[in-house]
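A structural walkthrough
Spelled out from the first residue to the last, the chains are:
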Amino acid sequence: MTPTINDVAIRAGVSTATVSRYMAGEKIRAEAAVRRAVEELGYRPAMAARSLRSGIHYVVAMVVPDITNPYFASVVKGVESVFRSTPYNIFVCNSDESPETEEQVLLEAMNRVDGIILAPTTEQDDTPFQVLERGLPLVFIDRELSGGDLDSVLVDNVGGARTAVRHLIELGHTDVAIISGPLNTTPGRGRYDGYLMELCNAGIEAPEAYRRVANFRESSGYEAMEQLLALDKPPTAVFCANNLMTMGALKALQANRVAIGDEMSVIGFDDLDMASMLNPPLTVIDRPAVEQGAIAARLLLKSFAHNDADTPAERQRIVLPTQLIERESCRPPRSGALAMKHPTHGS
């Protein structure tokens, strides 16, 4: 037998009206009991009928810049974990780091969804404001818009980058490079700034040649590392500002037969499932990606509950901490080892 709302109410020990409020995303005292009853019974309301009656689609769009990035897969997992026990379905869209594609996706979604979780391609995007003007709830994740007082769930990009660079400095590195993401994005700019701040704090110069701005993709990480290896004085350590660029940089080092750790220390931003299995295992700055997604989902549900209220929900900008995971890809520098072994650096 297909479970009904009455079955859920009996199992949870509440009224059917309480279950209805929970399924609509409202905050209730017996939330834990109702959630447990919904999950145990496998209750799913008749969406088509409910949508016709209420004008609600029971659909949430999640728009990410790179669906192939494992970080965003973890974020989606967190979002899904919250919406699983609600009537809302999620569909994931890939903007492919393109403002034009993002605009198209958002404009098409506005008439089909009840809310959007968005990682904007740049901090200067205009289309998200059209979403807000329509009264559609919107939560930013990983990235935000400049000058906007909007719901967002971020991580401490500056602090994470400073921790990464500080770790390299404490190992004895003074020739530290960065492979950065685009500076018109929240994580790109924050991690680049953190890199410069920590070097400045230690009284260490950051030559322009050591600052490579890439595009968050693996191929750009590979190209940036090739450029660093081609310098007359290559760095002894590199901070890679996202996981895909880290993988590209590691592949470039392997192609050029540069010993990771011994000849070039590498630290990445975002952990990878395979990071501990690499040779050598990769040191990273990790962040709670699943938790980020879950928090963003809860903020969106809160917006749903307040959407028809006279007083809108207070905007929240949540910044989560990062942590250093030490492995073996970062070691004290061997003075001149790379320049002596690779005088032409693969050219």
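Shown above is the structure to which this text applies.
Just so it is clear, the model here is predicted, and its values are computed rather than measured. (Residues numbered from 1 in each chain as written. Predicted model: local features only at pLDDT ≥ 70, side-chain atom pairs only at ≥ 80, totals over all residues. Heavy atoms only, no water.)

Attention now moves to the packing of aromatic side chains. Scanning the model with the defined rule gives 4 aromatic pairs in all. A ring pair is formed by F83 and Y88, whose centres lie 6.0 Å apart and whose planes are at 70 degrees; its orientation type is edge-to-face. With respect to burial, F83 and Y88 carry one shared label: buried. What links up through ring pairs into an aromatic cluster is the set Y58, F83, Y88 and F304. For R287, the ring lying beneath its charged end belongs to Y71, and the centroid distance is 3.5 Å. (Phe/Tyr/Trp six-rings, centres within 6.5 Å; stacked < 30°, edge-to-face > 60°. Buried < 20%, exposed > 50% of the residue type's maximum accessible area, 1.4 Å probe, protein only. Lys NZ or Arg CZ within 6 Å of the ring centre and 35° of its normal.)

The next thing to look at is the nonpolar core. Counting 71 residues, the largest nonpolar core has F83, I179, M225 and F239 as its most contacted members. When residues in this core are grouped by element, the largest group, 9 residues, is from helix α12 (residues 289-306). Those residues in contact with M225 that lie beyond four places of it in its chain are I179, V238, A249, A252, L253 and M264. Membership of the second largest hydrophobic core comes to 17 residues, among which are V105, L118, F140 and L145. (Core = buried A, V, L, I, M, F, W, Y, C linked by side-chain atoms within 4.5 Å. Helix = DSSP H or I, 4+ residues; strand = E, 2+ residues; numbered from the N terminus. Contact = heavy atoms within 4.5 Å.)

Neighbouring strands of a sheet are bound in pairs by backbone hydrogen bonds; such pairs are parallel or else antiparallel. The 6 strands lie next to each other as β2-β1-β3-β4-β5-β11, forming an open sheet whose pairing is parallel. Only two strands of the sheet have a single partner each, and these edge strands are β2 (89-94) and β11 (317-320). With direction set aside, neighbouring strand axes in the sheet form an average angle of 15 degrees. The sheet contact formed by strand β3 (residues 115-118) and strand β4 (residues 138-141) spans 3 bridges and is parallel. Pairing of I116 across the sheet is with L138, part of β4. (Pairing = 2+ DSSP bridges. Axes fitted to C-alpha atoms, helices over the stretch in contact; angles between N-to-C directions.)

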